[in-house]
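A closer look at the structure
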Amino acid sequence: MRSSIHASGTAEMARPAQATPSALRDIVSSLLRDKVALVSAAFLAIVLVCVALGPTLLADQARAMNLMQRNAAPFSFDRPWLYILGADALGRSVLARIIVASQNTILIAGTAVLTSLVVGGALGLVAGFKEGAVSAILLRLADAIMSFPSLLLAVIVLFVFEPGVANVILVLAISRVPIFLRTVRAEVLELKERLFVTSARAMGASTWRILFRHVAPMVLPTVINLAALEMAFVMLVESGLSFLGIGIQPPEITWGLMVSDGRNYIGSAWWVAFWPGLVIMLVTMSLNLFSNWLRVVTDPVERWRLQTSAE
Amino acid sequence: MGNFIFKRSLQSVLSLALLIILVFFLARFTGSPADLYLPLDATEEMRDQFNQRFGFDDPVYVQFFRFLGGLLQFDLGESIQYSKPAVEVVLQAFPTTLMLAAITMPIVIAVAIVTGSLAAFRPGGLFDRIASLISLIGASTPNFWVAIVGVIVFAVWLRVLPTSGTGTPWHWVLPVAVLCLRPTGVLVQVVRSSMITALSSAYVKTARAKGVRARAIVFVHALRNALLPVITVASDQAAGIVNGAVIVETVFGFPGIGKLMIDSVLLRDFAVIQAAVLVTALAVFIINIVVDITYALVDPRIRHS
């Protein structure tokens, strides 16, 4: 279904809807042409490898205390390579901990965004398509959540229920649902006046079929794009929560928690707090740059402009 | 205009009521304050006395109606941790946060408008690229981390700025700088894209054809029309700071309202939480009204009727 969106967006409208290989090739070549997007995509790929393999490979090294390496400074080459970024007050390798913590950090943000995407997206489809009481209630609820100081909500909820991984994800997901709801609704409001919806209805398609087979795929590029940006934002918020001590609790580690740990040693070992924060910044930047590129690729108008200018 | 403000107030009162109900009941789920404030070996009698003094011995719905009754007389209850009226505690902390917002936002807006406009003047040019990169870095940096790095560099290594506290103007430099970073990064991008749209419009071409100077085109003709989305985003950011710049207040030991809110949740000081939420919500409401009026001033096509 997605490939057909790309195909119909290109200059050659006659291309059959199932031309997946060439559509894929188009995307790859456009990625290769955009250096900035390529670098950020490569960096994100490395992070994903760390997420997938890090804890299985390095869990022991991240936990092992090594008193010989206490507060080891970064970039001293006479130590094992794992200590290239230094070690914390207990002699644990900062690099190993960053790699292992990537799993928690990325999976928490990813799950939260995915949840709010699915819930907010579905509600947005309904709110956009069926105006009236349901839509009004959904929108007011979204307003209420948006107007709530989200950090206060997080603090209260995480204080009532214990701040485990699941609750942190839940709080983050709830606070971001309105964004997806509003975006999808705005798109649907515009799309449902289009001719293809009218024709589908004239052919006797049910409301659900129209919504999920005809409207939803058109909204998808916008939503995926938004999800990349939200991912960056949610990661910052989760790090903030962990930093304040109300997010993920030790012995679990996330990047935010590592910065918070390092705060006690800024006088003697700056690297403990510095590196994890730098990684958060780099991932956030890459997600932003990648989503910029994604917007261009998934937007038919911009894509067409790019292709004509390249030729 | 009066009609419009009335309508907006009505809407705000509704969502404020929802907010207060939520905070009131959620906060009471966090547990009994008596466990926290009395010694471990407190007798049943002492607990009863404590609960009676702060009214925790009544059922929750009775407490809620008493709270509503007090609200009508501007009495928001007594703080447990400070043994003072909650309103007083909140109004002591609020000026610090308001001051942070009042210093930060003008800097953010001024820097963003100048940088974003200049970047939009030649999209893809050298200045645009540098500005885009720096604003992206600003928007992507976790502020607790910048705060810590700032302390390491300026307080620990260079020893030119204090680490925390509010004594002198120097104490405000780091916190304000950290607070400015992310909003500026985001706002520069908003100004830039909004200005690019404005600069490609017909009236700008007319102005160019007439021979108006470039600076006048950018800062007079285009900017006024590009301001609406900028005002929206800037007001959101201002509301965010007024709601409590928790992280900055925590790292730099600023006695602001964000820190007060978090501390009060942790210490189960319900009256202070409720008072703080009410006061900040009121402030955010005032910001929104001012913003709506500014819309009408900037763009005469918008009439609030």
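Residues numbered from 1 in each chain as written. Chains lettered and ligands numbered in written order. Predicted model: local features only at pLDDT ≥ 70, side-chain atom pairs only at ≥ 80, totals over all residues. Heavy atoms only, no water.

So, about the overall build of chain B. When helices and strands are counted, chain B shows 13 helices and 0 strands. For chain B, the succession of helices and strands along the chain, N to C, is α-α-α-α-α-α-α-α-α-α-α-α-α. Considering chain B as a whole, with its 305 residues, one finds that 48% of them fall into the buried category. A fraction of 73% describes how many contacts in chain B between residues 6 or more apart in sequence connect residues 24 or more apart. Summed over its atoms, the accessible surface of chain B is roughly 15300 Å², and 67% of this surface lies on carbon and sulfur atoms. Side chains of chain B carry 22 positive and 17 negative charges; the gap between the two charge centres is 27 Å. (Helix = DSSP H or I, 4+ residues; strand = E, 2+ residues; numbered from the N terminus. Buried < 20%, exposed > 50% of the residue type's maximum accessible area, 1.4 Å probe, protein only. Contact = heavy atoms within 4.5 Å. Areas by Shrake-Rupley, 256 points an atom, 1.4 Å probe, with all protein chains shown as cover. Lys, Arg positive; Asp, Glu negative; His and termini not counted. Charge placed at Lys NZ, Arg CZ, Asp CG, Glu CD.)

Residue and element names in this part refer to chain A. Feature annotation in UniProt places "transmembrane region" (unreviewed entry) on residues 36-59, 106-129, 223-248 and 268-290, given in this structure's numbering. Helix and strand shares over residues 106-129 are 100% and 0% respectively, and the end C-alpha atoms of the span are 33 Å apart. Each end of residues 268-290 is marked by a C-alpha atom, and these two atoms are 37 Å apart; helix forms 87% of the span and strand 0%. (UniProt positions renumbered as here; feature names shortened; annotations may be inferred.)

Taking 1.5 Å of rise per residue, 36 residues should cover 52 Å, and helix H4 (residues 94-129) of chain A covers 51 Å from first to last C-alpha, within 8% of that figure. Of all the bends found along H4(A), the most pronounced is centred on A:Ala101 and spans about 30 degrees. (Expected span 1.5 Å × (residues − 1). Bend = angle between axes of the 7 residues up to and from the residue.)

The next subject is the interface of chain B and chain A. Contact with chain B, which involves 36 residues of that partner, is made by 33 residues of chain A. Summed over both sides, the interface of chain B with chain A buries roughly 3100 Å², with 87% coming from carbon and sulfur. There are 3 residue pairs in polar contact (both at pLDDT 80 or more) connecting chain B and chain A. If you list the elements that add at least two residues to the side of chain B that touches chain A, you get helix H1 (2-28), helix H6 (126-140), helix H7 (143-157), helix H11 (246-251) and helix H12 (257-266) of chain B. Here the element with the most residues in the side of chain B that touches chain A is H7(B); it accounts for 8 residues. Among the residues forming the side of chain B that touches chain A, the class breakdown is 28 nonpolar, 6 polar and 2 charged. (Buried area = accessible area lost by both parts, 1.4 Å probe. Polar contact = N/O pair within 3.5 Å; in protein donor to acceptor, adjacent residues only side chain to side chain. Nonpolar A, V, L, I, M, F, W, Y, C, P; charged D, E, K, R; others polar.)

Ranked by internal contacts, the top residues of the largest apolar core, which has 168 residues, are A:Val215, A:Trp255, A:Val283 and B:Phe252. With 16 residues, the top contributor of residues to this core is helix H13 (residues 270-298) of chain B. Leaving out residues up to four positions away in the same chain, B:Phe252 has contacts with B:Ala147, B:Val151, B:Thr163, B:Ser164, B:Gly165, B:Leu174, B:Pro175 and B:Val178. Core analysis: the next-biggest nonpolar cluster, separate from the first, contains 6 residues, A:Leu31, A:Trp293, A:Leu294 and A:Val297 among them. (Core = buried A, V, L, I, M, F, W, Y, C linked by side-chain atoms within 4.5 Å.)

With 98% of its residues at a pLDDT of 70 or more, chain B has an overall mean of 83. With pTM at 0.80, the complex prediction returns an ipTM value of 0.78. (pLDDT = per-residue confidence, 0-100.)

As a further point, take the confidence of the model for chain A. Residue and element names in this part refer to chain A. Looking at chain A, pLDDT values average 78 and 82% of them are 70 or higher. Within chain A, H4 carries the highest mean pLDDT (88), whereas helix H1 (residues 2-9) carries the lowest (42). Note that pLDDT drops below 50 for residues 1-19; the model gives that stretch 27 contacts with residues more than four away or on any other chain.

On to the UniProt feature "transmembrane region" (unreviewed entry) in chain B. Residues and elements named next belong to chain B. Mapped onto the present numbering, the UniProt feature "transmembrane region" (unreviewed entry) falls at residues 12-31, 98-121, 133-158, 170-191, 238-258 and 270-291. What you have in residues 133-158 is 88% helix and 0% strand, and the ends, taken at the C-alpha atoms, are 27 Å apart. Between the first and last C-alpha atoms of residues 270-291 the distance is 32 Å; the span itself is 100% helix and 0% strand.

This paragraph deals with the environment of B:Ile257. For B:Ile257, the location among the structural elements is in helix H12. Put simply, B:Ile257 and B:Val279 are 22 residues apart on the chain and 9.7 Å apart in space, counted from C-alpha to C-alpha.

So, on to unusual backbone geometry. Residue and element names in this part refer to chain B. Phi at serine 83 is positive, roughly 50 degrees, even though this residue is not glycine. Serine 83 gets classed as partly exposed once you look at its relative accessible area, which sits at 47%. The residue arginine 268 is not glycine, and still its phi comes out positive at about 55 degrees. Take arginine 268: it is sitting in the loop between H12 and H13.

So, about the pattern of salt bridges. When the charged atoms of two side chains lie near each other, side chains of opposite charge can form a pair. This structure, assessed with the given rule, holds 3 salt bridges over all chains. Residue A:Glu230 is joined to A:Arg176 by a salt bridge in which the shortest nitrogen-to-oxygen separation is 2.7 Å. Taken together, the residues A:Glu230 in helix H9 (residues 207-244) and A:Arg176 in helix H7 (residues 165-191) connect sequence positions 54 residues apart. Each member of the pair, A:Glu230 together with A:Arg176, is buried. One salt bridge in this structure joins B:Lys259 and B:Asp263, with 3.4 Å as the shortest N-O distance. Here B:Lys259 and its partner B:Asp263 are both found in helix H12, 4 residues apart, which amounts to about one turn of the helix. B:Asp263 gets classed as partly exposed once you look at its relative accessible area, which sits at 29%. (Salt bridge = Lys/Arg side-chain N within 4 Å of Asp/Glu carboxyl O.)

Residue and element names in this part refer to chain A. Examined against the element boundaries, arginine 185 turns out to sit in helix H7. In this structure the C-alpha to C-alpha distance between arginine 185 and glycine 128, which are 57 residues apart in sequence, comes to 4.4 Å. Among all residues touching arginine 185, those that are not within four sequence positions of it are Gly124, Ala127, Gly128, Ser135 and Leu139.

With that settled, the discussion passes to the packing of aromatic side chains. Under the counting rule described, the total for this entry stands at 16 aromatic pairs over all chains. Plain terms: the ring middles of A:Trp208 and A:Phe212 are 5.9 Å apart, the flat faces sit at 15 degrees to each other, and that makes the pair stacked. Of this pair, A:Trp208 and A:Phe212 both sit in helix H9, separated by 4 residues, roughly a single helical turn. Considering the side-chain rings of A:Phe290 and A:Trp293, the 5.5 Å spacing of their centres and the 35 degrees angle between planes classify their relative orientation as tilted. Of this pair, A:Phe290 and A:Trp293 both sit in helix H11 (residues 271-298), 3 residues apart, which is roughly one turn of that helix. Judged by its relative accessible area of 22%, A:Phe290 is partly exposed. Connected via pairs of aromatic rings, a cluster forms that spans A:Trp270, A:Trp271, A:Phe274, A:Trp275, B:Trp145 and B:Trp157. (Phe/Tyr/Trp six-rings, centres within 6.5 Å; stacked < 30°, edge-to-face > 60°.)

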